[in-house]
Each structure stands twice: as C-alpha cells, then as structure tokens.
Amino acid sequence: MKLAELTTLRVGGEARELVSGSTADELIQLARSTWAEGQPWLALGGGSNLVISDGGFDGTVIRVLNRGIEQLGGGALRVQAGENWDDVVAFAIEHGLAGIEALSGIPGSAGAGPVQNIGAYGQEIAECLDSIDFLDEITGERQRLRAEELELGYRTSTLKQGRRGILLSIDLKLEQGGSSAPVRYAQLASALGVEIGERVALASVREAVLRLRASKGMLLDPSDPDSVSVGSFFTNPIVSENFARSLPAEAPRWLIDPDAPESDVKLSAAWLIEKAGIRRGFSLPGSAAAISSKHTLAIVNTGGATAEQIVELARYIHLRVLNDFGVLLQPEPILVGLSL
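Below or above, wherever it landed, is the structure these notes cover. Note that the coordinates shown come from a computational prediction; the quantities given were computed from them, not determined experimentally.

1. Thoughts on the pattern of salt bridges
Turning to step 1, where the next piece is worked out: Under the defined criterion, the tally for this structure stands at 16 salt bridges.
Turning to step 2, where the next piece is worked out: What you see here is one network of salt bridges that share partners, running through R67, E83 and D87.

2. Points about the side chain of R213
Turning to step 1, where the next piece is worked out: Within the secondary structure, R213 is located in helix 5 (residues 202-215).
Turning to step 2, where the next piece is worked out: Of the side chains bearing the opposite charge, D86 lies closest to the buried R213, which forms no salt bridge; the N-O distance is 7.5 Å.
Turning to step 3, where the next piece is worked out: At a separation of 3.4 Å, a polar atom in the side chain of R213 contacts the main-chain carbonyl oxygen of G105.
Turning to step 4, where the next piece is worked out: Leaving out residues up to four positions away in the same chain, R213 has contacts with S104, G105, I106, P107, A120, Y121, M218 and L219.

3. Describing the sheet that holds strand 11 (residues 142-146)
Turning to step 1, where the next piece is worked out: Pairing within the open sheet is antiparallel, and its five strands lie in the order 5-6-12-10-11. A single partner strand is all that each edge strand has here, and the edge strands are strand 5 (69-73) and strand 11. The average undirected angle you get between the axes of adjacent strands in this sheet is 20°.
Turning to step 2, where the next piece is worked out: The pairing of strand 5 with strand 6 (residues 76-80) spans four bridges and is antiparallel. Bridged to E70 within strand 6 is R78.
Turning to step 3, where the next piece is worked out: Where helix 1 (residues 24-37) meets the sheet, its contacts fall on strand 10 (129-136), strand 11 and strand 12 (165-173), and the angle it forms with strand 12 comes to roughly 145°.
Turning to step 4, where the next piece is worked out: Helix 2 (residues 85-94) contacts strand 5, strand 6 and strand 12 of the sheet and is inclined by roughly 40° relative to strand 5.

About the criteria used
Residues numbered from 1 in each chain as written. Predicted model: local features only at pLDDT ≥ 70, side-chain atom pairs only at ≥ 80, totals over all residues. Heavy atoms only, no water. Salt bridge = Lys/Arg side-chain N within 4 Å of Asp/Glu carboxyl O. Helix = DSSP H or I, 4+ residues; strand = E, 2+ residues; numbered from the N terminus. Buried < 20%, exposed > 50% of the residue type's maximum accessible area, 1.4 Å probe, protein only. Lys, Arg positive; Asp, Glu negative; His and termini not counted. Polar contact = N/O pair within 3.5 Å; in protein donor to acceptor, adjacent residues only side chain to side chain. Contact = heavy atoms within 4.5 Å. Pairing = 2+ DSSP bridges. Axes fitted to C-alpha atoms, helices over the stretch in contact; angles between N-to-C directions.

So this is what it looks like as structure tokens:
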C-alpha cells in the first residue's frame, strides 16, 4: 500500500513494512520488536501532518490505531493516541468540558496533538495537557510524562525535536461548567458576535470554528479540493523585535510577551507569502501542487501531485520570502525523506 493512501496530502510511496496496533499492548509489542531489529521506523496516526517522499519509507511504519475516551472525573479525560482528534473535541463539548473547543476540526489523531502542540483560534493543547503515556525507544520502558517535561512550544515539543518513542495515550484536564473558555482570538470573537474575553456556549464555539476552517479549506471534506493538504504548510515566523522593525510598517506582528522590555515578535507567514507575490491558486508550470484558492498558507494536491512537486513549491515560496524580507519560513509538517 502506498503511504499516500494514509495521508491527507495524498503523496508518498510504499513502506518496506506496514504494521498496525489497535491497543496499547499491541503497539508496545510492535514497537519493541521493531526497535530490537534496529531498522528505521515511523509512527503514523491520521497522516495529516506528514509529507512522505515518493520513494516511500525504507523501514517499518507503525500505524497507531488504538481508540477510546475515558472520563477520569473532575473534567479529566484519558484519550487513546489513535482516537480521532475532532471526535475528542466533540466528546468534550457533549459532556460540558471546556478548553479544546477552539481546536475543533483539526485533522489527525489525538496522539499527534502534543507532538505538534496543536493550536488554533487562541487555544493550544499545552493549556490543558496533563500528561502522556509514552513508550521510550531508548529505554524500551513505558513512562508517564508530565506535560512540562515535553517543553511544549509554538507548534513544537521534545517529541518533535528528537525524543523518540510511541505515544500511547494523553490525559487532558478540562474545565467543567458548560461554557467555553474565554474567547481570545479576534476573528473567532467576530464570528460569534462577542467581545474578546467573553464566554459562550461550547457548541457555539465549535460551530463557528468549523465554519471558519471550512471557509479556508482547512476542514477535511471530500467535496473540497482545497482540503487535500496538510493545513498550514509554514509556521508563523518568530523574530526579534529589532528585526521586526526592519519590515514594512504594515506587516502584521504580535509581541510574544507584551510585558517584556524587549520581546520576540510573531509575524504572519501568510502576509509575507502574499507580499512576496505568491497568490492563492498559484502553481509552478506543469505542477499539480498549488497554493490553496482559499488560504495562502496551504499547499494543496490538485490531483496527482508528487511529493517532490509539493516541496518544490514550498522551496520556491521559502526562497521568495527569504529574498524579499530576509525571513526564513519553517515547515509545519514533518518531512519524511524530503527537505526544503
């Protein structure tokens, strides 16, 4: 089976071996067996944040398919890593638990959430993650790791930066009460018709977020060709305040720590890409990879694109922004057998 069939971008060749674990015990057995053989391996959940090379993966791909959501009391949930993330959000809302409602519609599995520190519309999983159940590759032992041990940052963690192993489940600590967490994101507040900081019904936040994501092609939908992507391909760059002053005055920017004397600044990758002359729908000649017609940050497979065409377009964007603004864009998805 081509790995393209297991990823939302629909690119990627075959794995040398493809195995699946539907319980934690099965995953532990598969992982330890694979590690004992010393061959390359890759964990695969929902495939929504991977760009895999056309040559595939010369090793073992372990599919993480364990499912289940358990209420632990006091607003706590234990979620198996293979559970669909949006199903977790829907479950939390159904049970009146707040803290992840703005993360509605994010594709992929629950286990990928801490790896990427998923976030959207003013929320991040870091705010409600309590701990993870983790099988460490180095020791071969199963561990309970507290959230602070993962060094969760903007779309990153130690799990993304080299701590190798299989994530088996996550524990979330959510807020009881039935109302949403305070709305923090201006676009979401506008869509809800409320002020920043207000609380509203959980279901209202979910509905608004799903509408916003759909309008940007960021909601998986078989009828929407713009959803054949990995979502945002680049993260918003973080630069020094001094460097940010060198950019055009109209360039959007947000202080990371407004109370600090000199704070790092987050820039808008979408604005930089657009001002570098790359518009929605843009593609290189003869390529089936294109910028989404709905959102500049997404690279989509318009039909039959190769992984190399995807990264070729990403490299082009990367170079244009670097040449025009001196800003180095970083890819958000994990590249397997590929590089910019």
